[in-house]
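# Chain and residue survey
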Amino acid sequence: QDKVERYLFDYTRSAELGLNEMHAPIGWTEPIIEAAFDIRGIVMSGFLGLQFKDSTVIITENGGFYIPRGERVRIFNSGEKDLILIEVLTPAYKSQRVRQFDRFD
């Protein structure tokens, strides 16, 4: 990791539903994760990259996305400007609900 950090604003008010606003700079990426919650959202600005085992999807500005619980994914900024998105998590985020991996297998 090159220590490029994102900013996450957490507006969650209940354990059943999480709401986040994320700002991620050029070059930002997460490790491969598998979450025990569904992730839905909309890209407000920039380009969101979603890398799965067999494909990579780029979500453009004003585009929506869905990552089902249990799906391994690497989330990253795939554009040349800051990425801003809104995420809705069901249920809400808890660190013990996320596992990290070095590969997709």
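A brief look at the structure comes next. Model, not experiment: these values are computed from the prediction.

### A short note on the overall build of the protein
- A tally of helices and strands in the protein yields zero helices and ten strands.
- Counted from the first residue to the last, the protein has its helices and strands arranged as β-β-β-β-β-β-β-β-β-β.
- Principal-axis analysis of the C-alpha atoms places the extent of the protein at approximately 35 × 30 × 25 Å.
- Evaluated residue by residue, the protein yields a buried proportion of 37% over its 105 residues.

### Notes on the side chain of glutamate 87
- Residue placement: glutamate 87 occurs in strand β9 (residues 83-90).
- For glutamate 87, which is buried and forms no salt bridge, the nearest opposite charge comes from arginine 6, at a distance of 5.2 Å.
- Among residues more than four places away in sequence, those in contact with glutamate 87 are Leu8, Gly18, Leu19, Asn20, Ile39, Arg40, Gly41 and Phe65.

### Here's the deal with the layout of surface pockets
- In this model, the largest pocket occupies a volume close to 420 Å³.
- For the largest pocket, the lining is made up of 20 residues, of which Arg6, Glu30, Ile33, Tyr93 and Val98 are closest to its centre.
- Across the lining of the largest pocket, the residue classes tally to eleven nonpolar, four polar and five charged.

What counts as what
- Residues numbered from 1 in each chain as written.
- Predicted model: local features only at pLDDT ≥ 70, side-chain atom pairs only at ≥ 80, totals over all residues.
- Heavy atoms only, no water.
- Helix = DSSP H or I, 4+ residues; strand = E, 2+ residues; numbered from the N terminus.
- Buried < 20%, exposed > 50% of the residue type's maximum accessible area, 1.4 Å probe, protein only.
- Lys, Arg positive; Asp, Glu negative; His and termini not counted.
- Salt bridge = Lys/Arg side-chain N within 4 Å of Asp/Glu carboxyl O.
- Contact = heavy atoms within 4.5 Å.
- 1 Å grid on protein atoms, 1.4 Å probe; cavity = no way out; pocket = protein on both sides within 12 Å on 5 of 7 lines; lining within 4 Å.
- Points joined across faces, edges and corners; volume = space filled by probe spheres on them.
- Nonpolar A, V, L, I, M, F, W, Y, C, P; charged D, E, K, R; others polar.

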